[in-house]
Amino acid sequence: AQHRATTDPAVAADFARAVISAKIANARTVLQRARRDHSERVVAGPVVDSVRRLGDLLDELRRPMPLDRVRGVEGEAARIYFAAFDELIVQQKSDFFFHERSRRPPRDNMNALISFLYALLTNDVAAACESVGLDPQMGFLHADRAGRPSLGLDLVEELRPMIADRVALSLVNRQQINGKGFTRSETGGVEMDDATRKAVLVAYQKRKDEEVLHPFLNERVTVGLLPHVQARLLARWLRGELD
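Criteria and cut-off values
Residues numbered from 1 in each chain as written. Predicted model: local features only at pLDDT ≥ 70, side-chain atom pairs only at ≥ 80, totals over all residues. Heavy atoms only, no water. Helix = DSSP H or I, 4+ residues; strand = E, 2+ residues; numbered from the N terminus. Rg over C-alpha atoms; globule rule 2.2 N^0.38 Å. Buried < 20%, exposed > 50% of the residue type's maximum accessible area, 1.4 Å probe, protein only. Contact = heavy atoms within 4.5 Å. Areas by Shrake-Rupley, 256 points an atom, 1.4 Å probe, with all protein chains shown as cover. Lys, Arg positive; Asp, Glu negative; His and termini not counted. Charge placed at Lys NZ, Arg CZ, Asp CG, Glu CD. Phe/Tyr/Trp six-rings, centres within 6.5 Å; stacked < 30°, edge-to-face > 60°. Axes fitted to C-alpha atoms, helices over the stretch in contact; angles between N-to-C directions. Parallel < 35°, antiparallel > 145°, perpendicular 65-115°, else oblique. Nonpolar A, V, L, I, M, F, W, Y, C, P; charged D, E, K, R; others polar. Left-handed = near helix turned anticlockwise from the far one by under 90°. Expected span 1.5 Å × (residues − 1). Polar contact = N/O pair within 3.5 Å; in protein donor to acceptor, adjacent residues only side chain to side chain. Salt bridge = Lys/Arg side-chain N within 4 Å of Asp/Glu carboxyl O.

Visitor: Please clarify how the overall build of the protein chain should be interpreted in this entry.
Guide: The helix and strand tally for the protein chain stands at 9 helices and 4 strands. Overall, the protein chain shows an N-to-C arrangement of helices and strands of α-α-α-α-α-α-α-β-β-α-β-β-α. Taken against the 2.2 N^0.38 rule, which gives 18 Å for 243 residues, the C-alpha radius of gyration of the protein chain at 18 Å falls within 12% of a compact globule. Across its three principal directions, the C-alpha atoms of the protein chain cover 50 × 40 × 35 Å. Burial statistics for the protein chain: of 243 residues in total, 52% are counted as buried. Residue pairs in contact within the protein chain that sit at least 24 positions apart in sequence constitute 61% of those at least 6 positions apart. Counting every atom, the protein chain has about 12,400 Å² of accessible surface; 49% of that belongs to carbon and sulfur. Each charge sign in the protein chain was given a centre, from 36 positive and 34 negative side chains, and these centres are 2 Å apart.

This is how it looks when you write it as structure tokens:
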């Protein structure tokens, strides 16, 4: 059923549209929450502008569109979101700043922190897919590539802002980590030392222990269970048990 769905352009586009809509909605919430919690330090203009523009993209995604356009909207949304991300960092600005997303390798401390958290979350989501009988390498939004958990990368999109990004901002703004825990390698990439990595893992686990109200199940579940819940709902949808 998963194979049939991922090779059907219309089904793949609808699935991708739902996932990216959730990602954008959660990204808007991160921006709005930071502005509310740090109103005296967050520069409102760029954040308000990004929230408005993301809302416009959400409206666009309510209409059916081909998969390539969904990917285009996702890329545009990422640029808008990350354009305001530096405004959310209100402590340790000399060590933690965000100019643009960089990876493989990350070029600054904030990108190194985010990339590490994204990798943790992707591993959790891929494992959740396997636990319910899904193939984590057969995706809808992300093209299949040998060794890449394409479905895991699909499902992680909606969870990145509310889990990984919030943990990263909390660690920096609460000064639970500092710039001394990051070093630049010979290749120009930035890496974390063991103590910083441990602090990040502890904060990530604490976030996973928090509870949220699942909007579809209407039940409180821990954040750590969200990948499993979403994977199970996806499996039921693929089997035709859910709309």
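Visitor: How should I be thinking about the packing of aromatic side chains in this particular structure?
Guide: Each aromatic ring pair is characterised by the separation of its centres together with the angle its planes make. Under the definition given, this model contains 9 aromatic pairs. Ring centres 5.7 Å apart and planes at 65 degrees place the aromatic pair Tyr-81 and Phe-85 in the edge-to-face group. With Tyr-81 and Phe-85 both in helix H4 (residues 67-85) and 4 residues apart, the pair spans about one turn of that helix. Side by side, Tyr-81 and Phe-85 carry an identical accessibility label, which is buried.

Visitor: Where do I start with the packing of helix H2 (residues 9-37) against H4 in this structure?
Guide: For any two helices packed against each other, one specifies the inter-axial angle together with the distance between the axes. Contact geometry for H2 and H4: axes closest at 9 Å, N-to-C directions at 10 degrees. By the criterion of interaxial angle, the relationship of H2 to H4 is roughly parallel. Residues Ala-12, Ala-13, Ala-16, Arg-17, Ile-20, Lys-23, Ile-24, Ala-27, Val-30 and Leu-31 of H2 touch H4, and the partners they reach there are Leu-67, Val-70, Val-73, Glu-74, Ala-77, Tyr-81 and Ala-84. Split by residue class, the contact of H2 with H4 holds 14 nonpolar, no polar and 3 charged.

Visitor: I'm lost on the packing of helix H5 (residues 109-131) against helix H7 (residues 160-173) in this one. Help?
Guide: Packing of H5 against H7 brings their axes to within 10 Å, and their N-to-C directions diverge by 140 degrees. When the axes of H5 and H7 are compared, the pair comes out oblique. Two packed elements cross with a definite hand, and for H5 against H7 that hand is right-handed. Residue-level inspection shows Met-110, Leu-113, Ile-114, Leu-117, Tyr-118 and Leu-121 of H5 in contact with H7, the latter providing Arg-160, Ile-163, Ala-164, Asp-165, Val-167, Ala-168, Leu-169, Leu-171 and Val-172. Of the residues belonging to the contact of H5 with H7, the class tally is 13 nonpolar, no polar and 2 charged.

Visitor: Would you mind going over the environment of Trp-237 with me for this structure?
Guide: Within the fold, Trp-237 resides in helix H9 (residues 226-238). Sequence separation between Trp-237 and Gln-175 is 62 residues; the distance between their C-alpha atoms is 42 Å.

Visitor: How do you make sense of H5 when you look at a structure like this?
Guide: Helical geometry: 3.6 residues make up each α-helical turn, so side chains three or four residues apart lie on a common side. The terminal C-alpha atoms of H5, which comprises 23 residues, lie 34 Å apart, in line with the 33 Å expected from a rise of 1.5 Å per residue. The element H5 is extensively covered by neighbouring structure, given that 17 of its 23 residues are classed as buried. One side-chain oxygen of the residue at the start of H5 lies 3.2 Å from the amide nitrogen of Met-110, identifying that residue as Asp-108. Backbone geometry just after H5 places Gly-133 at a positive phi near 90 degrees.

Visitor: What am I meant to see in helix H3 (residues 44-60) here?
Guide: For H3, built from 17 residues, the straight-helix expectation of 24 Å at 1.5 Å per residue is met to within 8% by its first-to-last C-alpha distance of 25 Å. Within H3, the full set of buried residues consists of Val-47, Ser-50, Val-51, Leu-54, Gly-55, Leu-57, Leu-58 and Glu-60. For H3, the secondary structure elements touched by its buried residues are H2 and H4.

Visitor: Can you walk me through the pattern of salt bridges in this structure?
Guide: Per the counting criterion, the structure on display carries 16 salt bridges. A salt bridge links Lys-23 to Glu-74; the shortest N-O distance between them is 2.5 Å. With Lys-23 in helix H2 and Glu-74 in helix H4, the pair connects residues that are 51 residues apart, well separated along the chain. Of the residues examined, Glu-74 reaches a relative accessible area of 18% and is grouped as buried. Note that Asp-194 and Arg-197 form a salt bridge whose closest N and O atoms lie 2.9 Å from each other.

Visitor: Help me understand the side chain of Ser-102 in this model?
Guide: For Ser-102, the location among the structural elements is in the loop between H4 and H5. Among the polar contacts listed, one links the side chain of Ser-102 to the backbone nitrogen of Arg-107, at a separation of 2.9 Å.

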